[in-house]
Amino acid sequence: MNYRRVFLQNGMVFITLVTYNRMPILTKNIDLLINSFVNTNKIYRFRLIAYVVLPDHIHCILKPKNIYDYSKIIKSFKYSFSKNVGLVKPTYSKIWQPRFWEHTIRDDEDLHIHLNYIHYNPVKHGLVQQVKNWHLSSFHKFVWRGFYENDWGSNEDIKKIKDLNYE
């Protein structure tokens, strides 16, 4: 299968990573997950703009120093997490679904839609009733910066994202 990817220099990329068979191992291993991102950032420089970690998948927006490295960033992250997760003889293919879903952020409106999708995701999956109650996301950072109100996530707020599905 041939993939066509868009590479916009100084661009951002929305990424979805899903565990193999939707294994709910990510939130249980949050320290390892954070360390895997930190270690990967030492090799391939990037900014983690936004994220949400759910039990079986991650959504994030990355801004790589070199846009051509984002696939390498994901591969390095998955490898780091897989080799340290502590399962009996874990392998990359037993931890993660093959490949990943990506979308190049094209403009400010596209960025806002994907930020909303990321932050609303725990409510969408029934993990919490309100966005503010899920702490494994960048939502509170965005509240602190004034991007969202603390009680964001009403029906009016999510009209533009409720039909989106990146999983």
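Quick caveat, the model's predicted, so the values are computed rather than measured.

Could you clarify how one ought to interpret the pattern of salt bridges in this entry?
Any two side chains of opposite charge can pair if their charged atoms end up close together. Counting across every chain of the model gives 2 salt bridges. Ionic pairing is found between Asp56 and Arg22, a salt bridge with its closest N-O pair at 3.5 Å. In this pair, Asp56 is assigned in the loop between β2 (46-53) and β3 (57-64) and Arg22 in the loop between β1 (13-18) and α1 (30-43), connecting sequence segments 34 residues apart. By relative accessible area, Asp56 is classed as buried at 16%. Residue Arg22 is classed as partly exposed on the basis of its relative accessible area of 31%. Of the charged contacts in the structure, one is a salt bridge between Asp69 and Lys72, with a shortest N-O distance of 3.7 Å. On the basis of relative accessibility, which here comes to 44%, the residue Lys72 falls in the partly exposed class.

Could you clarify how one ought to interpret the packing of aromatic side chains in this entry?
Inspection of the entire model under this criterion finds 15 aromatic pairs. Judged by centre distance (4.2 Å) and plane angle (25°), the rings of Phe37 and Phe77 are stacked. On the criterion of sequence distance, the pair formed by Phe37 in helix α1 and Phe77 in helix α2 (residues 70-84) is long-range, its members being 40 residues apart. Relative accessible area serves as the criterion here: at 10%, Phe37 is assigned to the buried category. Here a set of aromatic residues connected by ring pairs shows up, and it is made of Tyr120, Phe139, Phe142, Phe147, Tyr148 and Trp152.

Would you take a moment to explain helix α4 (residues 108-124) for this structure?
With 17 residues, α4 extends 23 Å between its outermost C-alpha atoms, agreeing within 8% with the 24 Å of an ideal straight helix rising 1.5 Å per residue. At Ile118, α4 is bent by approximately 30°, the largest bend along its length, and proline Pro122 sits one to four residues beyond. By the criterion of burial, α4 is predominantly enclosed, with 12 of the 17 residues buried. As for α4, its buried residues are in contact with β1, β2, β3, β4 (101-104) and α5 (139-144). Of the residues that open α4, the one with a side-chain oxygen 3.2 Å from the backbone nitrogen of Glu109 is Asp107. Just beyond α4, the residue with positive phi is Gly126, at close to 75°.

Can you help me understand the environment of Asn39 in this one?
Examined against the element boundaries, Asn39 turns out to sit in helix α1. Overall, Asn39 belongs to the partly exposed group, its relative accessible area being 35%. Linking Asn39 and Phe77, residues 38 residues apart in sequence, is a C-alpha distance of 7.9 Å.

For this particular structure, what's the right way to read the sheet that holds β3?
Strand pairing in a sheet relies on backbone hydrogen bonds. The paired strands run either parallel or antiparallel. Strand order in the open sheet made by the 4 strands is β2-β3-β1-β4, with antiparallel pairing throughout. Taken across any chain shown, the strands that pair with only one partner, and hence form the sheet edges, are β2 and β4. Ignoring which end each strand starts from, the neighbouring axes of this sheet average 20° apart. Relative to β4, β1 runs antiparallel, the two sharing 4 bridges. Of the residues in β4, the one forming a bridge with Ile15 is Glu102. α1 rests against β2 and β3 of the sheet, and its axis sits at about 160° to β2. Sheet strands in contact with α4 are β1, β2, β3 and β4, and its direction is about 150° off that of β3.

Is there a simple way to explain α1 in this structure?
An α-helical segment advances 3.6 residues per turn. Residues three or four places apart therefore align on the same side. Taking 1.5 Å as the rise per residue, α1 with 14 residues should run 20 Å; its terminal C-alpha atoms sit 20 Å apart, in good agreement. Those residues of α1 not exposed but buried are Ile30, Leu32, Leu33, Ser36, Phe37, Thr40 and Asn41. Those residues of α1 that are buried are in contact with β2, β3 and α2.

Calculation rules
Residues numbered from 1 in each chain as written. Predicted model: local features only at pLDDT ≥ 70, side-chain atom pairs only at ≥ 80, totals over all residues. Heavy atoms only, no water. Salt bridge = Lys/Arg side-chain N within 4 Å of Asp/Glu carboxyl O. Helix = DSSP H or I, 4+ residues; strand = E, 2+ residues; numbered from the N terminus. Buried < 20%, exposed > 50% of the residue type's maximum accessible area, 1.4 Å probe, protein only. Phe/Tyr/Trp six-rings, centres within 6.5 Å; stacked < 30°, edge-to-face > 60°. Expected span 1.5 Å × (residues − 1). Bend = angle between axes of the 7 residues up to and from the residue. Contact = heavy atoms within 4.5 Å. Polar contact = N/O pair within 3.5 Å; in protein donor to acceptor, adjacent residues only side chain to side chain. Pairing = 2+ DSSP bridges. Axes fitted to C-alpha atoms, helices over the stretch in contact; angles between N-to-C directions.

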